[in-house]
Every structure is written in structure tokens, then in C-alpha cells.
Amino acid sequence: MTQDELKKKAAEAALEYVKGVTLLGIGTGSTVNHFIELLADLKGDIEGTVSSSEGSTKRLKELGIPVLDLNAAGELEIYVDGADEVNPHFQMVKGGGGALTREKIIAGASRKFLCIADESKYVPVLGKFPLPVEVIPMARSYVAREMVKLGGQPQWRENYVTDNGNHILDVHNLEILDPPALERTINNIPGVVTVGIFALRPADIVLLGSPDGIRALK
């Protein structure tokens, strides 16, 4: 079974958690794209969605699913998104698709966070996947130097601008042993918009697609 097929399995399993939900948050990425396609069958019950990226917004609108501004939507019942890595504490590294800031905002505004992924994303320790850090453009070099002090090797994601008009540093070779502490430390560096560690607001439920079926971690 291919990795993409495992992602689709996880997306299909998520549908059970959103039945009857009229207002939900939608993340970004390849697994979420499968989920968005599957939402087409439920769109009659959905009053609105809040999307974490322009790409997801476009897909939702093409299916006729309403997309709302978070300021107008208020608190969301559930947020569905993928992860680049997730550990046994349901803490994650996210942002490979560049939407980490909006993803973190919507996760914080949701009562429940459902993470969907293929089983390869489940790891004992975060950090093998390069850690994305969204930065204000003028602060890029300064923040990069600060990442070196923390033991990482930052690489500018060249020719890429986030939906918020910012840059991304992908920080390699960090072993994230205390995710909440590192999340706070990096977020406190001037010029950082947000870091792709989701530990202060981890997932509530993780659905992992595997060849043997779905592993539901709660």
C-alpha cells in the first residue's frame, strides 16, 4: 500500500469525527486534500469552514463548501489537519507546506484538534523533519543566527513567501526533547512569527493510516 493510500485511509477515518459538525477548521497538505475531497459528500450539512491556507480555501470553494473568516466564525468545534511529525504525546512538527501560523491560530481557536497522517509520521522524538520557522523578512538572518545558537542548522526556504507575506527558515538537526520549552523559546525571538512546534496546543486525537487499518490514538 502506497503512502498516499495510507493518507487517504486516515482522511476517510476522520469523516466519522465531523458528522453533524456544522462549522469546522480545515488544515493544509496532501492528507488534508484527501479529506477536503471527501467533505463534498457532507457539504449539505456544513454551514462553514475556516481554512489555514489559500490552497485549501481554493479547493473548498471549488467544491461549493463555504469558507469563513475566523473573526466572523468564532470558536470552532473541531480542526482537522495533518502533521510532518507527531510524537506519543500528540505534540507535532508542522509547516512543511508553509501554513504553520494560520494552522496554529485555528488549532488554538478549536475545541478539538484531530490530526490525520500516515503511520510514517509517528515518531518517538520530534526533530528529524526540518523545523519550519516563519519569520518577518527583515529578521531572517538574525533569527537564523539564533537558531544556530540553539544547535540547529537553518536553511532559508528560498523563492517561497507565506500567505502572510513572510519567509520560512527550515531548521535541520534539532533533537526536540522538550517541545513546549523549545516552542516558547523560539516564539520569544524577535522577528519570529511562529515556530512549527505544536506542543502548547497538541492534538487531541491522532488517526494514523497503516496497512493494517487505522490506529486511533486518544
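Residues numbered from 1 in each chain as written. Predicted model: local features only at pLDDT ≥ 70, side-chain atom pairs only at ≥ 80, totals over all residues. Heavy atoms only, no water.

1. Looking at helix α2 (residues 30–39)
Then comes step 1: Burial within α2 is extensive, with eight of its 10 residues counted as buried.
Then comes step 2: Next to the buried residues of α2 lie α1 (3–18), β1 (23–26), α3 (54–62), β3 (76–81) and β6 (110–118). (Buried < 20%, exposed > 50% of the residue type's maximum accessible area, 1.4 Å probe, protein only. Helix = DSSP H or I, 4+ residues; strand = E, 2+ residues; numbered from the N terminus. Contact = heavy atoms within 4.5 Å.)

2. Some points on the environment of Y160
Then comes step 1: As for its position among the elements, Y160 is in the loop between β8 (153–156) and β9 (167–172).
Then comes step 2: Note on Y160: relative accessible area 25%, which makes it partly exposed.
Then comes step 3: For the pair Y160 and G98, spaced 62 residues apart in sequence, the C-alpha separation works out to 8.6 Å.
Then comes step 4: Excluding residues within four positions of it along the chain, Y160 makes contact with G97, G98, N166, H167 and I168.
Then comes step 5: A distance of 3.2 Å separates the side chain of Y160 from the backbone oxygen of G97, its partner in a polar contact. (Polar contact = N/O pair within 3.5 Å; in protein donor to acceptor, adjacent residues only side chain to side chain.)

3. Here we look at the side chain of T28
Then comes step 1: With respect to the secondary-structure elements, T28 resides in the loop between β1 and α2.
Then comes step 2: A polar contact is formed between the side chain of T28 and the side chain of S52, at a distance of 2.6 Å.
Then comes step 3: The contacts of T28, once residues within four sequence positions are left out, are S52, S53, S56, D81, A99 and E103.

4. So, the sheet that holds β3
Hydrogen bonds between backbone groups are what pair the strands of a sheet, and the pairing can be parallel or antiparallel.
Then comes step 1: Read across the open sheet, the six strands follow the order β2-β1-β3-β6-β12-β13; overall the sheet is mixed. Each end of this open sheet is capped by a strand with a single partner; those strands are β2 (48–51) and β13 (213–217). For this sheet, the mean angle separating the axes of adjacent strands, direction not counted, is 20°.
Then comes step 2: One ladder, built from four bridges, connects β1 with β2; its direction is parallel. Considered in β2, the bridge of L23 is made with G48. (Pairing = 2+ DSSP bridges. Axes fitted to C-alpha atoms, helices over the stretch in contact; angles between N-to-C directions.)

5. Re the sheet that holds strand β5 (residues 92–93)
Then comes step 1: Pairing in this open sheet of three strands is antiparallel, and the strands run β4-β5-β11 from one edge to the other. A strand with exactly one partner marks an edge of an open sheet, and here the two such strands are β4 (85–86) and β11 (197–198).
Then comes step 2: As paired elements, β5 and β11 share two bridges and run antiparallel to each other. Residue pairing in the sheet places M92 in a bridge with F198 of β11.

6. A few points about the environment of M147
Then comes step 1: Take M147: it is sitting in helix α6 (residues 140–149).
Then comes step 2: For M147, a relative accessible area of 0% translates into the label buried.
Then comes step 3: Put simply, M147 and I186 are 39 residues apart on the chain and 8.2 Å apart in space, counted from C-alpha to C-alpha.
Then comes step 4: With residues near it in sequence (within four places) discarded, M147 still touches V133, G152, P154, V171, I186 and I189.

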